[in-house]
Amino acid sequence: PPPHTHTAMATLRLAGSKSVNWPRDSRTNLHVDPKADLRGVHWQIGYSSHAPAQTEAKLSYVSYANPVRGMLDPAQAQELRRSHIDLAVGEDKSMAKWKAVMTDEMSRHAGDKFGCKKPEGFQALGTELRKSSVCFSELPRTTGKSESSSQYASPPKIEQVESFKDSIGKDLQASHMDFSNGGQKDARHWQSAQNAEMSRCAKEKFGCEKPTGFEVLSKELRKSNIPFGKAR
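The notes below deal with the structure included here. This one's a predicted model, so the numbers in the text were calculated from it and none came from an experiment.

About the thresholds
- Residues numbered from 1 in each chain as written.
- Predicted model: local features only at pLDDT ≥ 70, side-chain atom pairs only at ≥ 80, totals over all residues.
- Heavy atoms only, no water.
- Helix = DSSP H or I, 4+ residues; strand = E, 2+ residues; numbered from the N terminus.
- Buried < 20%, exposed > 50% of the residue type's maximum accessible area, 1.4 Å probe, protein only.
- Salt bridge = Lys/Arg side-chain N within 4 Å of Asp/Glu carboxyl O.
- Patch = residues over 30% accessible without salt bridge, like charges linked within 9 Å, V, L, I, M, F, W, Y side chains within 5 Å.
- Areas by Shrake-Rupley, 256 points an atom, 1.4 Å probe, with all protein chains shown as cover.

**Notes on the overall build of the chain**
Scanning the chain from terminus to terminus reveals 12 helices and zero strands. The burial tally for the chain puts 3% of its 232 residues in the buried class.

Dropping the structure here:
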């Protein structure tokens, strides 16, 4: 018996029950006590066939051997691979009339938008509208006057002195702006910044003179210390 059957029998022995060989082997135990058979266990745990499992597809569908592949005519095979779905429904298939959605929207009613023309039936009305209804012969003849002339009048005539030459003429011609602030008003002593910078300390640079106090020293320095003969 399987291992779990031995475990069940050992459990019955520990409980004090009689040993019941179940499931019985019909080949070796032909005579069984009815009472023992009633006391035995008639349900099985784990007793199942150990055949490999099969799927529903294998149980329902029977596999057949591959038939011999037939050879088709190349023209028929090419015809079978060709698409016979006509999405154009008998119309032009060149896509020459295709255009984008934006182009279609912007070009819609292009003839009404850009096909401008002169309105018809208003020729006589246009002639009448161009006629002037103002009669210039019946207007009052008034002299026009500008805003400047109407707001500002000409000043009255006053007696003016012919000349101020004898009174304040010379004073008017003179300049009363004193830039020298009381100093010399001529520009003879003016010089440029470069001349002023270069002529600074000119006396010390160019007024050369012979130094004094070195006459005796210079006389001694001019004497020669090399004897050319023997002194007698």
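**Let's talk about the environment of Gln 191**
Along the chain, Gln 191 falls in the loop between helix H9 (165-173) and helix H10 (193-198). When its relative accessible area of 52% is taken as the criterion, Gln 191 is described as exposed.

**Structural notes on the pattern of salt bridges**
Within this structure, the stated rule accounts for seven salt bridges. Taking the shortest distance from any N to any O, the salt bridge between Arg 108 and Glu 105 comes out at 3.0 Å. By relative accessible area, Arg 108 is classed as partly exposed at 39%. A salt bridge links Arg 200 to Glu 197; its shortest N-O distance comes to 3.2 Å. Given a relative accessible area of 51%, Arg 200 falls into the exposed group.

**Section: a nonpolar patch on the surface**
Together, Val 161, Phe 164, Ile 168 and Leu 172 give the surface a local cluster of nonpolar side chains, amounting to about 410 Å² of exposed area. Relative to the helices and strands, Phe 164 resides in the loop between helix H8 (147-151) and H9. For Phe 164, a relative accessible area of 45% puts it in the partly exposed group.

Any functional reading would require information beyond the geometric quantities listed.
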